[in-house]
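Descriptive analysis of the structure
Below, each chain spelled out in residue letters.
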Amino acid sequence: MGAVTGASGTRRRPAARQPVSRILRVTGPLVEMEYSGGIAMYDLVSIGPAGLPGEVVAISGDVVTVQAYEYTGGLAPGQTALPRGHPLSVRLGPELLGGIFDGLLRPLSGAGDWLLPGTQRAAAEERTWSFSPLVAQDEQVTEGQTLGEIRGAGPVPVKVLVPPGCRGAVEEIAVAGDHPREAVVAVVDGTEVTAGTRWPVRRPRPVRERVDSHEALNTGQRVIDLLFPVARGSTVAVPGGFGTGKTVLLQQIAKWCDADVIVYVGCGERGNEMADVITELSELRDPRTGGRLADRTVTIANTSNMPMMAREASVHTGVTVAEYFRDMGLDVVVIADSTSRWAEALREFASRTGALPAEEGYPAGLASAIAAFYERAAAVTTLGGERGSVTVIGAVSPPGGDMTEPVTAHTERFVRCLWSLDRDLAYARHYPALSWAGSFSRDVPVLAAGHRAAGDPAWAGRRDRVGAVLAEADRLADLVELIGIAALPARERMSVLAGRLVREGVLQQSALSERDAYCGREKTAALTDAVLAVADRCRELVDSGVPAASVEEVDFGPLLRAREDTGPHDIAGVAARRDAMLAGLGAVQP
Amino acid sequence: MNPSGSMSLSGAIEYTHVGELRGPLAIVEGVSGVGWDEYVRITLASGERRHGVVLDADRDRAVVQVLEGTAGMDPEGVRAAFTGSPLRVPVGTDWLGRVCNGRGEPLDGGPPVLGSHTAEVGGAPLNPVRREPPSEPVLTGVGAVDALTTLVRGQKLPVFSVAGLPHLELAAQIAAQATTAGEAFSVVFAGMGLTHADASFVRDALEARSVAGELVLLLNTADDPVIERILTPRIALTVAEHLAFTEARHVLVVMTDMTTYAEALREVSAARGEIPARRAYPGYLYSDLASLYERCGRLRDRPGSVTVLPVLTMPAGDITHPVPDLTGYITEGQIVLSAETHARGVYPPLDALSSLSRLMRKGAGPGRTRDDHLDVAAQLLAALARVRQVRDLADLVGQAALSPTDRRYLDFEEAFLWDFVDQRSDEPRALDASLERGWRALLTLPRSQLSMLPARLLDAHGAKGLDEPGHPGHPDDLDHLDGLDGLDGEASR
C-alpha cells in the first residue's frame, strides 16, 4: 500500500475508457480480473453483482489484482467487475458534522441492523443546505478562496472553496437559499463547484505552506496541559495495554479539547464501546457553544468485526475529512483508536498478497506507512491564505503490553508527543494513568514561548518545578520501600509529601466527575501553584524545627479535593482553599 | 460446457474431475460459476459423504478444503456438489433441547434440525449505530461472579484459565444456572475439541436445562475433524442471533475452549500455506476472534440479547499469549481463575483482583441489582488488595509482628474465600445471599477499614470498631472452617 501521488485536483479520466471486466479468480479479499484498459493503480472497482468496493493493488500483464473492502463469499470467476476510473474517494460536505460513518465514509445512520456486503448505503435523507454567497459574479478568485458559506450544519459555518488548481473569474454564483449538496453553486473558469466535494483519501489535500505552531491545544486534562502539552498541528501517540484507560482518555479529549472539529476514528474498536461513545456524545453539551458535542464531531466507526480492508482505509478517510475542515481555516483533531488495529489490517493484507514479512509478520513498509499517516498532521496556511491545523492523536495497543513491538517502536519515532499509559498507575486507580517518567512532549519549547506571548510567562517554570518534584518523589519512593519513611531526613520526607500532593491534587482527574472531567487552563495553573505553595510551606515548617511527622499528619483533604470541589474555571475557589490550607499549616507548632 | 458436470438430486451441479489431492485440499477442475467460500458436499465412491469449503476459486479450478480430511479419498469416483452459497444453517426454536455435533448434525438420535429459515453462519457485522448499550445483568448463580464481575446482557466476558483448573465445571454451572429475571432465556453451549469424558460431563450437567427446552448443545470432540471446530462457534452464534433478535430471547453463548479453536485455525492456516504471525498463529487471528466475539450485543427497537462467555486456557499460564491477549483487547473484561486458589480447595478458584467486568457499572447497582452492590464489590476488592500487601509484609516480618488491623485482614481473606467465594458446583446462589456473604466477610474488618461503604449501611449491618467485643464473622465462628486448618497451613493462624 502506498500513498497516491500526483497532481492536485480531482479531474477524472473519461468514463468511456472503462469497459466492464471479467473476474478470473477469488481468494478471500483478493480478486483477480482481466485487464481491459483504462485501469490505473489504486483505482476503485465495483466487483460482482453486489458491487462490492475494491481497490486495484497490482497490474501484471493482462491480470489486475483488486483487494475487496468487504466479504467476498459467493463471488465467482466469470462475474463482472466495473472499474470506476478514479481512486478511492470520499464525499465531503456539510452532512459530515454530527454524522456517523463507516471506514469508507458511507453513512451508518440510515443503514439496517446488520451491515450486509455491497448494499448501497445512501444517506438517510438527502436534505438541502442553506447557502449564502460571499463573492459576486465576474469577481476574480483563486484556489482555496471562499465562494460561500453553508450555515446550520454544525457550530461552525461550512465553507465552499474554489477547488485546488482552479482560478479565474466567477462565471456563475448561486443566490442565497437552500440547495442540495450535489447542486452546482458556482462556476469558476468553466469548473463547476458543488456544495459538497470528493477527494481521494490517500492523497493529502494541498496547502500553501506548512507553518510552525506556537499555540497549545487545550485538552482540559491537567496532566497533559501541564506536563505533556501538544501544539495545534502536532502528533501524539498514546500507547497502553488493555485496561489502562486509553479509550476513556481519548474520549475525554474528544469531548473537551478546544478544537473546532473532532474526527473520531474507531478503528477496530468494540461495538458496545462505540455505541457508548455515540450515545454519550449526543447527550453532552459543548461548554463553548452550548450545542451538542456531537455536532462538532465526525464519527467514523469501523468496529473490529467490520471488514478488515475498510479498517485499513478508515484512518486515511479520517485524516481526509480533517483536512477538508482544516482548509476552511479550522483547527481539527483526529483521534484514531487504535492504530495498532490499522497496522494489523496492513499485516493481514500483506500476508494475503504473499508479501515478504519483516518484523513479526508486518510488511517491510510498516514504518513508512505509519510515518506517512502522521505526516498528514500539520499547522498550515491554506490555499485560501487562512490558518488551520490538523492534530493527530493515535492510540497504540501493544500486544501483551510489550513496548518493543514494531508498531509501538516505530510510532514513538515519528510523533512529537508520547502519552504513555502505565499499568501500575491504572492498578493503583491513578487516572489518567499517564506515566510522567515514560512520556514526552517535544512541543514544550515552542509552547513555552507561546504561553509567554499569551500572558502566562510562569508556565515553563511551573512545569519544570512539577517535573522536579515528581522525579525527586519517585527517587525517594524506592528508598522508602527499603528503609521506611521514618528513616528519611525531614526535608526528604517533605519531598515525598510534595510528590503525593502533586499526584493526588493535580495529576489525578476523574472522568466521571461533573466538575473535574474538564479543567480550564487557568484552573490548572492555579491548582498547581496552590499545591506547590503548600509544599513550600511544609518544607519551611520542618526547616524551622517542626517534626516531619506533625506536618504529615495535617489533613490535606481540602487542598486535594479542590479539583473536584470547584468548577472548571473557578480560580478564586482554588485560591480560597489554598489560603485556608496555608493558614491551617501556620497553626502547626514545633 | 462442462463435460464432467451432472445434475445431482439436490439440483446442484456435481463435478467429478478431481485433479489433485494434497493434505486437506482437493482441487476440482472444469468448474464454472463456483464462488469463493462456497459450501461443498462431497460424495466418495463408497457413498460416504464429506463436506468442504472453497478456499480459492481460480478460473475453472476450485480449491476445496475437505472438512473431514482427504484420508481414503480416491480421485476416481469423487463427486463434488457446490451448494451455490457459503454454509447456511437452518435457524429457529427447533434447536432448543437438541444435542448436535460441531457441524449441527444430531447426536441425540433425533431427526435433523430443520427451521423455517436458514442463515449464513458467517453472520454480518452489527451496525454500531443500531446497538443499544448493555445495561441489565445476567445472573449466573455463581456468587463471586455475580457480585464482583457481573455479567451484563449483550456483553462478551471471557474466562481465562489454565490447564487443570475447573473451568469446564464453571462454564457448565453458569450454563445450567444463568437467568435473566424471569425473561425468556436460552443457552447455546458450543464445545470445541472436548474429550469424550468432558463431553459426557457437559451433557449430564446440562441435562435438566436441555429437557426444559432452554438449551442448544453443540459438541465437537477432540477426535472430530479439526476444521469442523472452526464452524462450531459460528453455527452456535448464528442459532443464538436468531433466538435473540427474532425470537425475543436473552441468549447466553458459552464457547469452550477458544484456545483449541485458535489452534484449529492455525492448523488450517498452515495447511493453506499462509504466512504465520505471532507464535505461528495466522495474521488475521484478531479479526477472526472479533468476528465471533462481536456478534454479542443488543439492538435498538428489538427485544432479546446475545451474551458471549468464551472460555480459554492460557498455554503455560501466559496471559500475554496471543489468544488471551487478543481476546482481552476485544472483550469487555475477563474472569481469571487462579491455580493458587484452586490448590487451597476453593471452588470457583476466582482470582478476584485480576478479574474485571468493564460493563458492570452499567449493569449492576441501584435499579439493576441491589443498591449496595457496587459499593460492596468495590470494598471487597479494595480489602483484597490490602490482603495482598499484608501477606507480603507477613512474609518479611512474620505473622506475629503484624498490627492488629493487618491480622484482621488475614481473617478477612479466610472469610472471603470460604464463606463468600466457595460454593458447590451444583449450587445456585441468589445474588442477595451472595451479597450478604460479602457483608459477612467485610464485617470481619474493623469499621475504620470500610471507608467505601456508607455509614447508614454500616450501622444497619452492625459494623464494629477494632476493639469492640462481639466482632461478627470471625473465622472462629465459621464452623465449616474446622478441619480445613491443614489446608492453609500457617497462612492465618
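Residues numbered from 1 in each chain as written. Chains lettered and ligands numbered in written order. Predicted model: local features only at pLDDT ≥ 70, side-chain atom pairs only at ≥ 80, totals over all residues.

A word on the overall build of chain A
Defined as follows: Helix numbers and strand numbers start at the N terminus; a helix is a DSSP run of H or I with at least 4 residues, a strand a run of E with at least 2. We compute the radius of gyration from the C-alpha atoms alone; for a globule the expected value is 2.2 Å times N to the 0.38, where N is the number of residues. Here a residue counts as buried when 20 or more other C-beta atoms sit within 10 Å of its C-beta, as exposed when there are 12 or fewer, and as partly exposed otherwise, the C-beta atoms being derived from the backbone.
Within chain A, the secondary structure is distributed over 16 helices and 28 strands. Against the compact-globule benchmark of 25 Å for 590 residues, chain A has a radius of gyration of 27 Å, which places it among compact chains. Counting only C-alpha atoms, chain A reaches 95 × 55 × 40 Å along its principal axes. In chain A, which comprises 590 residues, the proportion classed as buried is 53%.

A few points about the nonpolar core
As a reminder, the rule being used: Take the buried Ala, Val, Leu, Ile, Met, Phe, Trp, Tyr and Cys residues, join any whose C-beta atoms are within 7 Å, and the set you get is a nonpolar core. Whether two residues are in contact depends on their C-beta atoms, placed from the backbone: they are in contact if these lie within 7 Å.
Val263(A), Val334(A), Ile335(A), Phe189(B), Val253(B) and Val254(B) are the most contacted members of the largest nonpolar core, which totals 314 residues. For this core, the element with the highest residue contribution is helix α12 (residues 521–543) of chain A, accounting for eleven residues. Beyond its immediate chain neighbours, meaning those up to four positions away, Val263(A) contacts Val298(A), Ile300(A), Gly318(A), Val321(A), Ala322(A), Val332(A) and Val334(A).

Here's the deal with the domain arrangement of chain A
All names here are of chain A. Formally: Domain start and stop positions are those given by an automatic or database domain assignment. Side-chain classes are defined by residue name, with Ala, Val, Leu, Ile, Met, Phe, Trp, Tyr, Cys and Pro counting as nonpolar, Asp, Glu, Lys and Arg as charged, and the others, Gly among them, as polar.
Each assigned domain of chain A is listed here: domain 1 (16–87), domain 2 (209–439) and domain 3 (459–586). With centres defined by C-alpha atoms, the gap from domain 1 to domain 2 works out at 32 Å. The interface of domain 1 with domain 2 comprises eight residues on the first partner and seven residues on the second. When its residues are assigned to classes, the side of domain 1 that touches domain 2 shows five nonpolar, two polar and one charged.

Structural notes on the domain arrangement of chain B
Residues and elements named next belong to chain B. Annotation of chain B at the domain level lists domain 1 (5–86), domain 2 (89–363) and domain 3 (373–484). Placing a centre on the C-alpha atoms of domain 2 and another on those of domain 3 gives a separation of 33 Å. With 19 residues of domain 2 in contact, the opposing surface of domain 3 contributes 20 residues. When residues of the side of domain 2 that touches domain 3 are traced back to their parent elements, those giving at least two are α1 (143–148) and α2 (167–177).

Topic: the pairing of strand β5 (residues 63–68) of chain A
All names here are of chain A. Condition: What makes two strands pair is DSSP finding at least two bridges between them.
The sheet contact formed by strand β2 (residues 30–34) and β5 spans five bridges and is antiparallel. Among the inter-strand pairings, Val-31 is bridged to a residue of β5, identified as Val-66. Sheet analysis places strand β4 (residues 52–60) next to β5, joined by six bridges and oriented antiparallel. Residue Ser-60 lies in a different strand from β5, and its bridge partner there is Val-63.

Considering the interface of chain A and chain B
Listed by partner, the interface residues are 48 residues for chain A and 49 residues for chain B. Listing elements by their share of the side of chain A that touches chain B, those giving two or more residues are β1 (21–27), α3 (271–283), β23 (297–303) and α5 (339–353) of chain A. By residue number, the principal contributor to the side of chain A that touches chain B is α3(A), which donates seven residues. Counted by class, the side of chain A that touches chain B contains 20 nonpolar, 20 polar and eight charged residues. As paired elements, β1(A) and strand β6 (residues 49–58) of chain B share two bridges and run antiparallel to each other. Counted as the bridge partner of Arg25(A) is Asp58(B) from β6(B).

Observations concerning the sheet that holds strand β11 (residues 146–151) of chain A
Residue and element names in this part refer to chain A. Here is the rule: Between N-to-C directions, angles span 0 to 180 degrees; the directions come from axes that are lines fitted to C-alpha atoms, helices contributing only their stretch in contact.
Read across the sheet, four strands follow the order β12-β11-β9-β14 without closing on themselves; strand pairing throughout is antiparallel. Every interior strand has two partners, whereas the edge strands, β12 (158–161) and β14 (177–180), have only one. Sheet twist, expressed as the mean angle between neighbouring strand axes with direction ignored, is 40°.

What to know about the packing of α12(A) against helix α16 (residues 571–586) of chain A
Residues and elements named next belong to chain A. Keep this limit in mind: Orientation categories follow fixed angle ranges, with anything under 35 degrees roughly parallel, anything over 145 roughly antiparallel, 65 to 115 roughly perpendicular, and all other angles oblique.
It is at 9 Å that the axes of α12 and α16 come closest, and there the two elements cross at 5°. Overall, the two elements α12 and α16 adopt an arrangement that is roughly parallel. Contacts from Glu-522, Lys-523, Ala-526, Leu-527, Ala-530, Ala-533, Val-534, Arg-537, Cys-538 and Leu-541 of α12 reach α16 at Ile-571, Val-574, Ala-575, Arg-577, Arg-578, Met-581, Leu-582 and Leu-585. The residue makeup of the contact of α12 with α16, split by class, is 13 nonpolar, no polar and five charged.

Thoughts on helix α6 (residues 258–271) of chain B
Residue and element names in this part refer to chain B. Inclusion rule: Expected helix span is given by 1.5 Å per residue-to-residue step, counting one fewer step than there are residues.
Across its 14 residues, α6 extends 20 Å between first and last C-alpha, which sits within 8% of the 20 Å expected from 1.5 Å per residue. Counted residue by residue, α6 has ten buried out of 14 residues, so it is predominantly covered. Turning to α6, its buried residues are Met-258, Thr-259, Thr-260, Tyr-261, Ala-262, Ala-264, Leu-265, Arg-266, Val-268 and Ser-269. The inward-facing, buried residues of α6 abut β15 (185–194), α5 (228–245), β17 (250–256), α7 (285–293), β18 (305–313) and α8 (322–330). Gly-273, located one to two residues past α6, shows a positive phi value of around 75°.

Looking at unusual backbone geometry
Residue and element names in this part refer to chain B. Each neighbour pair has its own omega, and for Thr-256 with Asp-257 the value is 5°, a cis peptide bond. For Asp-257, the position within the fold is in the loop between β17 and α6. The amide bond that connects Tyr-347 to the next residue, Pro-348, takes the cis arrangement and shows omega of -10°. Inspection of the secondary structure puts Pro-348 in the loop between α9 (339–343) and β20 (356–357). In the Ramachandran plot, Asp-37 falls in the positive-phi region, its phi being about 65° despite a non-glycine side chain. Here Asp-37 lies in the loop between β4 (25–29) and β5 (39–43). The phi angle at Ala-248 is positive, at roughly 60°, despite the residue not being glycine.

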